[in-house]
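# Working through the structure, step by step
Take a look at the letters that make up each chain.
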Amino acid sequence: MEKKFKRIGVLTSGGDSPGMNAAVRSVARTAMHFGMECVGIRRGWQGLINSDFVVLTPEMMRHILGTGGTILYTARSEEFMTEKGREKAVNTCKMLGLDGIVAIGGDGTFRGALELSRLGVPVMGIPATIDNDIGCSNYTIGFDTACNTAIDCIDKLRDTMQSHERCSVVEVMGRHAGFLALYVGLAVGAVSVLIPEHELNFEEDVVKPIQNSRLAGATHFMVVVAEGAGSAIEIGKKIHESLGLDPRVTVLGHIQRGGAPTGRDRETATRMGYYAVKAFAEGRSGSVICTQEGSIVEIPIEEALEMKKQLPMVRYEILEAISGAR
Ligand code: F6P
């Protein structure tokens, strides 16, 4: 007989990303729509171990759609990696009468979700990370906001770099992926973007583009470095040695994870939250809600974790073509 979901839990785990609150709100409201209760599990998987929860009311879901961070807090749990920890988490589900869990986060979150589902707890995943590095989904909640935040910061940097005719080296987040760096680099007109997906040839990728740009009349230069491609400080030093410039280095850091989510992130989070709960309502579980070619699809967690996503390198070619590199 089909499982009936009467009460579900929702949690956010791993690095936070703008739009997580919109996803929590959508999960809670959709649950109410389908006649389910919704319990917020605080501090990610660790919260499930510690029975750290809050019953989500309609009142609590007001005014969070457009807010950054996560009202449920987030954490990376070592204990959940252990059998004992997961056993405690299953017991919390039993104690609270949770028929399923919606887990919002990245790869690590989905690995946890897979383990929990193997222990018999129905789980649905929602991809949310500013890195956009989840293989199964074209898009992850928070990426657009993080891009726009980085663009805003770099536009401001450009004002002062332009005034002083300087070179700016900006390090952006992304963990092991170059999505954020490449998208931001294109949007700010960077002369060079260093990403982990492209093996660095310093002469070709940094020195020549700056020289060509100078020959074309530029007097200030913006270089964007993905954290996974190396240290902006080191790149700044090498630029100084090779070209005699005196670059200013900025590491944008966690500022990229904050701020009000953009329309794209609110809208995507709202749709994903809805489909995650609708799956429960229709008796399905064990999948990640993904975007593929603009549509929402459910991909089994195990399969989702195996999937790899390629950075569209055509964007790198576009950057090379118009940045003065060739
Ligand atoms: O995964 C999101 C992310 O912001 C990465 O871009 C970055 O490498 C990492 O998290 C930073 O993690 P923490 O918040 O633990 O410093």
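Residues numbered from 1 in each chain as written. Predicted model: local features only at pLDDT ≥ 70, side-chain atom pairs only at ≥ 80, totals over all residues. Heavy atoms only, no water.

## Quick word on helix 8 (residues 232-243)
The end-to-end C-alpha distance of helix 8 is 16 Å, a good match for the 16 Å that twelve residues give at a rise of 1.5 Å each. Looking only at helix 8, the buried set comprises Ala-232, Ile-235, Gly-236 and Ile-239. One side of helix 8 holds all its buried residues, which, seen down the axis, span an arc of 105°. Turning to helix 8, the residues buried within the fold contact strand 6 (167-172), strand 7 (192-194), helix 7 (202-215), strand 8 (221-226) and strand 9 (248-251). Capping the start of helix 8, Ser-231 holds a side-chain oxygen 3.1 Å from the backbone nitrogen of Ile-233, two or three residues further along. Count one or two residues on from helix 8 and you reach Gly-244, which has phi positive near 75°. (Helix = DSSP H or I, 4+ residues; strand = E, 2+ residues; numbered from the N terminus. Expected span 1.5 Å × (residues − 1). Buried < 20%, exposed > 50% of the residue type's maximum accessible area, 1.4 Å probe, protein only. Arc of directions from axis to C-beta. Contact = heavy atoms within 4.5 Å. Polar contact = N/O pair within 3.5 Å; in protein donor to acceptor, adjacent residues only side chain to side chain.)

## Re the domain arrangement of the protein
Taken as a whole, the protein is organised into domain 1 (7-142 + 261-306) and domain 2 (146-257). Between domain 1 and domain 2, the C-alpha centre-to-centre distance is 35 Å. In this assembly, eleven residues from domain 1 lie in contact with ten residues from domain 2. The salt bridge involving Asp-131 is made with Arg-175; its shortest N-O contact spans 3.8 Å. Remark: the boundary between domain 1 and domain 2 carries two residue pairs in polar contact (both at pLDDT 80 or more). Taken together, the residues of the side of domain 1 that touches domain 2 sort by class into two nonpolar, five polar and four charged. (Domains from an automatic or database assignment. Salt bridge = Lys/Arg side-chain N within 4 Å of Asp/Glu carboxyl O. Nonpolar A, V, L, I, M, F, W, Y, C, P; charged D, E, K, R; others polar.)

## As for the environment of Thr-129
With respect to the helices and strands, Thr-129 occurs in the loop between strand 5 (123-127) and helix 5 (143-164). Among the residues examined, Thr-129 registers a relative accessible area of 10% and is labelled buried. Sequence-wise, Thr-129 and Ile-141 are twelve residues apart; in three dimensions their C-alpha atoms are separated by 5.9 Å. Polar contacts involving the side chain of Thr-129 include one to the main-chain amide nitrogen of Asp-131, which spans 3.0 Å.

## Digging into the packing of aromatic side chains
Tallied over the entire structure, the rule returns five aromatic pairs. Judged by centre distance (5.1 Å) and plane angle (80°), the ring pair of Phe-143 and Tyr-183 falls under edge-to-face. One end of the pair, Phe-143, is in helix 5; the other, Tyr-183, is in helix 6 (residues 179-188), and 40 residues separate them in sequence. Take Phe-143: its relative accessible area is 3%, and that puts it in the buried class. (Phe/Tyr/Trp six-rings, centres within 6.5 Å; stacked < 30°, edge-to-face > 60°.)

## Focus on the state of the cysteines
Inspection of the entire model under this criterion finds zero disulfides. Summary of cysteine pairing: Cys-38 is not part of a disulfide, and the nearest cysteine sulfur, belonging to Cys-93, is at 13 Å. There is no disulfide at Cys-136, and the cysteine sulfur nearest it, in Cys-290, is 3.3 Å away. The exposure class assigned to Cys-136 is buried, which follows from its relative accessible area of 1%. (Disulfide = S-S within 2.5 Å.)

## A look at the pairing of strand 2 (residues 37-41)
In terms of residue burial, strand 2 counts as a mostly covered element, since four of its five residues are buried. As defined by bridge partners, strand 1 (residues 7-12) adjoins strand 2 across five bridges and the pair is classed as parallel. Across the sheet, residue Arg-7 finds its bridge partner in strand 2, namely Glu-37. Taken together, strand 1, helix 1 (residues 20-33) and strand 2 constitute a β-α-β crossover, and its handedness is right-handed. Taken together, the three bridges between strand 2 and strand 3 (residues 53-55) define a ladder with antiparallel strand orientation. Counterpart to Ile-41 in the pairing with strand 3 is Phe-53. (Pairing = 2+ DSSP bridges. Right-handed = clockwise from strand over helix to strand, strands pointing away.)

## Things to note about the side chain of Thr-70
Here Thr-70 lies in the loop between strand 3 and helix 3 (83-96). The class of Thr-70 is buried, set by a relative accessible area of 14%. Among the polar contacts listed, one links the side chain of Thr-70 to the side chain of Thr-12, at a separation of 2.9 Å. A polar atom in the side chain of Thr-70 sits 3.1 Å from the backbone nitrogen of Leu-72. The contact partners of Thr-70, leaving out residues within four places of it in the chain, are Thr-12, Asp-16, Met-20 and Asn-21.

## Describing the site of the ligand
Residues in contact with the ligand, as listed here, are Arg-76, Thr-129, Ile-130, Asp-131, Met-173, Gly-174, Arg-175, Glu-227, His-254 and Arg-257. In this structure, Arg-76 approaches the ligand through a side-chain N or O atom, which is 2.6 Å from an oxygen atom. One nitrogen or oxygen atom from the side chain of Arg-257 is found 2.7 Å from an oxygen atom belonging to the ligand. Notes on the ligand: free accessible area 400 Å², of which the protein chains cover 74%. Among the residues making up the shell around the ligand, the classes are represented as two nonpolar, three polar and five charged. Lining the shell around the ligand are residues from two domains, each supplying at least three of them: domain 1 (7-142 + 261-306) and domain 2 (146-257). (Near = heavy atom within 4 Å. Areas by Shrake-Rupley, 256 points an atom, 1.4 Å probe, with all protein chains shown as cover.)

## Side note on a nonpolar patch on the surface
Together, Ile-233, Val-249 and Val-251 line one region of the surface with nonpolar side chains, adding up to about 230 Å² of accessible area. Within the element layout of this structure, Val-249 appears in strand 9. (Patch = residues over 30% accessible without salt bridge, like charges linked within 9 Å, V, L, I, M, F, W, Y side chains within 5 Å.)

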